Amino acid sequence: MKNWVKKLAIGVALPGMLILGGCGATKTGGSEKGGIQERTIKAGIGLNEDHPEGQGLKKFKELVEKKSGGKMKVQNFYSATLGDDQKMTEALQGGLQEVTIPSTSPLVGMIKEYGIFDFPFVFNTEQEAYSVLDGKVGQELLKKLPEHKLVGLGYWENGFRNLTNSKHPVKTAEDFKGLKIRTMQNEVHLDAFKKLGANPSPMAFSEVFTALEGKTVDGQENPLATIKSSKYDEVQPYLSMTKHVYTPFVFLVSKQFWDKLSKEEQKIMRDSAQEAGKYQRDLNRKENEKALEDLKKAGMKVNEVSDAEKEKMKEIVKPVTDKYAKKFGQDLVDEMMSEVEKARKK
Ligand code: TK8
């Protein structure tokens, strides 16, 4: 090598090597190459850009691009343009997509234990859910993901679900009788709505609006921010504040992709998912409150459901939750409930 070329090479390589040495990429795992490479991260979600999940994903993109000095680029796809929750999760497993943030509920075919979050009337507040998700139970469940070619970077928030329908206000447990309700592809939801006398029909989220509009189903249930963002008020006159289930989102990364990243890149992904997650949860709680006012203004007939009636509904579905507690692991369910009790005392 000519001398001046050598000097140039050292001049360029040295700062890079210093960064490399600093993060110890090769010693502690991650890819052989350290530092930050040019990366393109395809990230898709089922909900619209204006939904808090969409806003959270935007924040994630900003953070990753900033922290990586523009080397790691995130391409966002909203409104299920890359497919529904299950399809995108499969794309991650196959290494065709890098990031998705599905509800935990459609993942129960893969990790059955996620079904504990589908038990009705477990949580009263978001804080109670956070203490379970960010505590031992939630973190243990994240550890089950790698064997399914996925890496979980924490939980975002879909939130408390409420029922909408085109027939009548649902104020009592009896009012569920005969209603044809779209549910997520999840056996706990399916069985619970059957027990209440409804006629549930599982369906991917991306098909729900059309099913409601075409009256294939009478109703559906989702958090208020989703009802608003998905414009269900245009096709559903009644909104009943059942608050029956809290659904988390889980932030997923393709393991194939993750394993290629250096420690430094993995840290950027993890920190950004967590920071954006905090932002998303705060925004989501605010948006759920605001959405109620907006949906009323849009003409939806909103009714409350008394605590006594919710208690009755909980009693009716108890055989279902008892059955699935055995299936998912009674210890896990007990641990969730004791976390909730602890959070309630705070
Ligand atoms: C969006 C879904 C949705 C969920 C559902 O991809 O399917 O009803 O509540 O938010 O994850």
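How each quantity is defined
- Counting of residues starts from 1 at the beginning of each chain's written sequence and follows it residue by residue.
- Confidence filtering applies because this is a predicted model: local features only for residues at pLDDT of at least 70, side-chain atom pairs given and counted only at 80 or more, and all residues used for totals across whole chains, interfaces and linings.
- For side-chain calculations, the full set of non-hydrogen atoms in the structure is used, while hydrogens and water are omitted.
- We call a residue near a molecule or strand as soon as one heavy atom of that residue lies within 4 Å of the molecule or strand.
- Distance and chemistry together define a polar contact, namely a pair of N or O atoms within 3.5 Å, with one atom able to donate a hydrogen and the other to accept it when in protein, and with adjacent residues in sequence counting only for side-chain atoms on both sides.
- Reported accessibility uses the Shrake-Rupley method at a 1.4 Å probe radius. Residues are deemed covered only where the shown protein chains occlude them.
- Note that Gly is not counted as nonpolar here; it falls among the polar residues with everything else outside the nonpolar set of Ala, Val, Leu, Ile, Met, Phe, Trp, Tyr, Cys and Pro and the charged set of Asp, Glu, Lys and Arg.
- Definition used for salt bridges: Asp or Glu carboxyl oxygen within 4 Å of a side-chain nitrogen of Lys or Arg.
- Only DSSP runs of H or I reaching four residues or more are called helices, and only runs of E reaching two or more are called strands; each is numbered from the N terminus.
- Using a 1.4 Å probe on the protein chains alone, a residue whose accessible area is under 20% of its type maximum counts as buried, one over 50% counts as exposed, and one in between counts as partly exposed.
- In summary, the pairing rule links any two rings of Phe, Tyr or Trp, Trp by its six-membered ring, whose centres are within 6.5 Å, and it sorts them by plane angle into stacked for under 30 degrees, edge-to-face for over 60 and tilted for everything else.
- Any two strands between which DSSP finds at least two bridges are classified as paired.
- Residue contacts are counted whenever heavy atoms from the two residues lie within 4.5 Å of one another.
- The angle between two axes is taken between their N-to-C directions and runs from 0 to 180 degrees, where each axis is a line fitted to C-alpha atoms and a helix contributes only its stretch in contact.
- In this count, Lys and Arg are taken as positive residues and Asp and Glu as negative ones, while His and the chain termini are left out.
- Here the expected length of a helix is defined as 1.5 Å per residue gap, with one fewer gap than residues.
- Directions drawn from the helix axis to the C-beta atoms are what define this arc.

1. Some points on the site of the ligand
Then, number 1: Lining the immediate surroundings of the ligand are Gly46, Leu47, Asp85, Ser103, Asn158, Arg161, Arg182, Met184, Phe205, Asn222 and Phe249.
Then, number 2: For the ligand, an oxygen atom lies 2.6 Å from a polar atom in the side chain of Ser103.
Then, number 3: At 3.0 Å from an oxygen atom of the ligand is found a side-chain nitrogen or oxygen belonging to Arg161.
Then, number 4: Taking 310 Å² as the accessible area of the ligand by itself, protein coverage stands at 98%.
Then, number 5: Among the residues forming the shell around the ligand, the class breakdown is four nonpolar, four polar and three charged.

2. Points about the pattern of salt bridges
Then, number 1: Enumeration over the complete set of coordinates arrives at 24 salt bridges.
Then, number 2: Note that Glu339 and Lys342 form a salt bridge whose closest N and O atoms lie 3.8 Å from each other. Taken as a pair, Glu339 and Lys342 lie in helix α13 (residues 330-345) at a separation of three residues, close to a single helical turn.
Then, number 3: Using a relative accessible area of 16% as the deciding quantity, one classes Glu339 as buried.

3. A look at the packing of aromatic side chains
Then, number 1: Counting across every chain of the model gives twelve aromatic pairs.
Then, number 2: When the ring of Tyr114 is compared with that of Tyr155, the centres are 6.4 Å apart and the planes differ by 80 degrees; the resulting orientation is edge-to-face. Within this pair, whereas Tyr114 is found in the loop between β3 (99-100) and α4 (126-133), its partner Tyr155 is found in strand β4 (residues 150-160), the two being separated by 41 residues in sequence. Each member of the pair, Tyr114 as well as Tyr155, is classed as buried.
Then, number 3: Plain terms: the ring middles of Phe123 and Tyr246 are 5.9 Å apart, the flat faces sit at 75 degrees to each other, and that makes the pair edge-to-face.

4. A closer look at the sheet that holds strand β10 (residues 246-254)
Then, number 1: Read from one edge to the other, the open sheet built from five strands follows the order β2-β1-β3-β10-β4, with strand pairing classed as mixed. The sheet is open, and its two borders are formed by β2 (72-77) and β4, each paired with just one other strand.
Then, number 2: Against the sheet, α4 engages β4 and β10, with an angle of about 40 degrees to β10.

5. Focus on the side chain of Arg182
Then, number 1: Summarising the element assignment, Arg182 is placed in strand β6 (residues 180-183).
Then, number 2: One buried charged residue, Arg182, forms no salt bridge at all, with the nearest opposite charge on Glu221 at 4.9 Å.
Then, number 3: Within the structure, the side chain of Arg182 is placed 2.8 Å from the backbone oxygen of Met203, a separation counted as a polar contact.
Then, number 4: Dropping the residues within four chain positions of it, Arg182 is found in contact with Arg161, Ser201, Met203, Ala204, Phe205, Val208, Val217, Gly219, Gln220, Glu221 and Asn222.

6. Structural notes on α13
Then, number 1: Taking 1.5 Å per residue, 16 residues should reach 22 Å; α13 reaches 23 Å between its end C-alpha atoms and fits that length.
Then, number 2: Within the sequence span of α13, burial applies to Leu332, Val333, Met336, Glu339, Val340 and Ala343. The arc enclosing the buried residues of α13, seen along the axis, measures out at 120 degrees, which places them on a common side. Opposite the buried face of α13, at more than 90 degrees from it, the exposed residues are Asp331, Lys342 and Lys345.
Then, number 3: Residues of α13 that are buried in the fold lie against α4, α5 (136-142) and α12 (318-328).

7. Some words on the sheet that holds β6
Then, number 1: One open sheet holds the six strands; their spatial order is β7-β6-β8-β5-β9-β11, and the pairing between them is mixed. The strands lining the two open edges of the sheet, one partner per strand, are β7 (199-202) and β11 (301-304). Each strand of the sheet is rotated relative to its neighbour by a mean of 25 degrees, with strand direction disregarded.
Then, number 2: Two elements, β6 and strand β8 (residues 219-222), share two bridges in a ladder whose sense is parallel. Its bridge partner lying in β8, Ile181 is registered against Gly219.

In short, the description is geometric, and any link to function would need to be established separately.
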